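# Structural characterization, general
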Amino acid sequence: MPLPCQHFTPPDTHPQARDVYEEAIRTVMTVRDFTQVFDSYAQFEESMIAAKMETTSELGREEEDDVDLELRLARFEQLISRRPLLLNSVLLRQNPHHVHEWHKRVALHQGRPREIINTYTEAVQTVDPFKATGKPHTLWVAFAKFYEDNGQLDDARIILEKATKVSFKQVDDLASVWCECGELELRHENYDQALRLLRKATALPARRAEYFDGSEPVQNRVYKSLKVWSMLADLEESLGTFQSTKAVYDRILDLRIATPQIVINYAMFLEEHKYFEESFKAYERGISLFKWPNVSDIWSTYLTKFIARYGGRKLERARDLFEQALDGCPPKYAKTLYLLYAQLEEEWGLARHAMAVYERATQAVEPAQQYEMFNIYIKRAAEIYGVTHTRSIYQKAIELSSHLMLFLVIGITQVLSDEHAREMCLRFADMECKLGEIDRARAIYSFCSQICDPRTTGAFWQTWKDFEVRHGNEDTIREMLRIRRSVQATYNTQVNFMASQMLKVSGSATGTVSDLAPGQSGMDDMKLLEQRAEQLAAEAEHDQPPRAQSKILFVRSDASREELAELAQQANPEEIELGEDEDEDEMDLEPNEVRLEQQSVPAAVFGSLKED
């Protein structure tokens, strides 16, 4: 409970009031209570100073000569300067195992070595590693670093040695302490001592335990710490011998704690010393430790190094390695391996084997990469076998099968997206045109039209139209227009497609069905789609060009339409003449028509109705 601010206190009670305030700020457990007590304490000191200054002025003394006033001002300044440390004490009373707060407390004692040493000593004795918030080993490391910075290496070594015997909660904490021991010796160029310390850390304990076995102390599990082994391997490469370094890497692989990077480092170390087969064995040992996708880097490095070393001298062995790598390889990582495999076959193997690898790659990679793989396959096939050999690849890409060498029909399900399949069809048709296969190109356009909505793929239909103008006739253009109307009608009945297209047209990628008909959010979504479908159908019918009143002329001529009509009326020498023996009048009559004789009606029949 906060104490009220007292603006005037009898002189004989001032020391007791300060004692109460001091006891309060040293015992409160929350920051809120501390703030209230401290503010009250500061106001109390300010009121005492103000009262003293008022008394001094009444007595007519100089403020500089009043010792009591100077004492009160110094006491107030000290109180203000003590606030961060007092607040830190409150936080440590709340949680004495908070490592970060201990580090902050040491920083508050900056420039006072004795207080720093006392704070570190208190911290390492107070913090329980199993209850600690943060990394408790950092207190030991910072304590040793303080002695090292002050030139007391022996004391720093003693601190770190004691830290290696602490029962930390995590193995990584103890491993960090051992690594710090090695770093300390390296900083002072005691290389042999650093090697001895790390070898001691990685030595097999009397009682072995699994790395994550919490029932065992960390001292029995640190021999499986990869952090310590990695530092030892680096030191052995720099300071040790080839045999000692190789023994360290072998030990890491035997303990099954290696990472893909450790395996690659080991193989590169052996390769630098001209032990090529040993390096390949290291790769294979690493491959046996990991599965996809972790083994991806090892396989890529292994195969690259193997090809660079042997080229085509051990082709069968290289093929076997590639088959092992591709067995079970996820589609995400298959592209790199297949391209490397195909390159091997092109340079050292057979062209047909390379084409087979490319064909396998088009089916093994991810769907997003299939289009790119088909392009690579087509390019390499054209360079090796010629353009005509790419025809089957195009058919495979768009999943078409040849029929009577003139017409193509759908084979199996598409493997490419509509956009990629459309582009592939256009390229395929263009190639067929260049080869003079007009009917095949027309068949490709006909198939591709099934995935080309005239409302959104106007470029395709324009390309087909230009093709027919150059190579077609009246019948082929009529067929193209018929197909276009049929495709458009098909898309008009596909509600899902219409919904996606309407959302695309509206320009809102995150829109909903309610965006299609603003102001009608209360209507049923399907009803909105039906209304929109009718609207699109009406627009499509309106956009169709009117039927020509005369026939389309496919032969350019300067003659007028009247002259052409006269030419059409001229006798055709190849026309078949039919007999004309029958009477022309009789030919005009229908078979069941009877000729009736007409006579005049007598005037008596009309009687008085007849006009004069």
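This one's a predicted model, so the numbers in the text were calculated from it and none came from an experiment.

How each quantity is defined
- Residues numbered from 1 in each chain as written.
- Predicted model: local features only at pLDDT ≥ 70, side-chain atom pairs only at ≥ 80, totals over all residues.
- Heavy atoms only, no water.
- Helix = DSSP H or I, 4+ residues; strand = E, 2+ residues; numbered from the N terminus.
- Buried < 20%, exposed > 50% of the residue type's maximum accessible area, 1.4 Å probe, protein only.
- Contact = heavy atoms within 4.5 Å.
- Salt bridge = Lys/Arg side-chain N within 4 Å of Asp/Glu carboxyl O.
- Axes fitted to C-alpha atoms, helices over the stretch in contact; angles between N-to-C directions.
- Parallel < 35°, antiparallel > 145°, perpendicular 65-115°, else oblique.
- Nonpolar A, V, L, I, M, F, W, Y, C, P; charged D, E, K, R; others polar.
- Expected span 1.5 Å × (residues − 1).
- Arc of directions from axis to C-beta.
- Phe/Tyr/Trp six-rings, centres within 6.5 Å; stacked < 30°, edge-to-face > 60°.

Within the secondary structure layout, cysteine 448 lies in helix H22 (residues 438–448). Looking at cysteine 448, the relative accessible area reads 0%, which means it is buried. When the C-alpha positions of cysteine 448 and leucine 426 are compared, they lie 8.3 Å apart, and in sequence the two are 22 residues distant. With near-sequence residues (within four places) excluded, cysteine 448 lies in contact with Arg422, Cys425 and Phe460.

Bringing the pattern of salt bridges into the picture now. Summed over all chains, the structure comprises 24 salt bridges. A salt bridge links arginine 157 to aspartate 154; its shortest N-O distance comes to 3.2 Å. Taken as a pair, arginine 157 and aspartate 154 lie in helix H8 (residues 153–163) at a separation of three residues, close to a single helical turn. Judged by its relative accessible area of 53%, aspartate 154 is exposed.

This part takes up the packing of helix H9 (residues 171–187) against helix H11 (residues 226–239). Between H9 and H11, the shortest axis-to-axis distance is 9 Å and the interhelical angle comes to 25°. Between H9 and H11, the angle falls in the class roughly parallel. Every residue of H11 that contacts H9 at Asp172, Ala175, Ser176, Trp178, Cys179, Gly182, Glu183 and Leu186 is listed here: Lys227, Val228, Met231 and Leu235. Looking at the contact of H9 with H11 residue by residue, the classes come out as seven nonpolar, two polar and three charged.

So, about helix H6 (residues 113–126). A rise of 1.5 Å per residue sets the reference length of H6, with its 14 residues, at 20 Å; its end C-alpha atoms lie 20 Å apart and thus fit the reference within 8%. Residues of H6 that are buried: Ile116, Thr119, Tyr120, Ala123 and Val124. All buried residues of H6 fall inside an arc of 125° around its axis, so they share one side. Of the residues in H6, the exposed ones pointing more than 90 degrees away from the buried face are Arg114 and Gln125. Looking at the packing, one finds that the buried side of H6 touches helix H5 (99–108) and helix H7 (137–149).

Two residues of an α-helix separated by three or four positions point the same way, owing to the 3.6 residues in each turn. For helix H17 (residues 331–348), spanning 18 residues, the distance from its first C-alpha to its last is 26 Å, which sits close to the expected 26 Å at 1.5 Å a residue. Buried residues of H17: Ala334, Lys335, Leu337, Tyr338, Leu340, Tyr341, Ala342, Leu344 and Glu345, and no others.

This part covers unusual backbone geometry. Between tryptophan 292 and the following residue, proline 293, the backbone shows a cis peptide bond with an omega angle of 5°. As for its position among the elements, proline 293 is in the loop between helix H14 (276–289) and helix H15 (296–310). Non-glycine residue glutamate 189 carries a positive phi angle of around 65°. With respect to the secondary-structure elements, glutamate 189 resides in the loop between H9 and helix H10 (191–201).

Here we come to the packing of aromatic side chains. Inspection of the entire model under this criterion finds 18 aromatic pairs. Ring geometry for tyrosine 120 and phenylalanine 143: centres 5.2 Å apart, planes at 20°, overall stacked. Residue tyrosine 120 is found in helix H6, and its partner phenylalanine 143 is found in helix H7; the two are separated by 23 residues along the sequence. A centroid spacing of 5.4 Å and a plane angle of 55° characterise the contact between phenylalanine 280 and phenylalanine 306, whose relative ring orientation is tilted. Taken together, the residues span a long stretch of sequence, with phenylalanine 280 in helix H14 and phenylalanine 306 in helix H15 at a distance of 26 residues. By relative accessible area, phenylalanine 280 is classed as buried at 3%.

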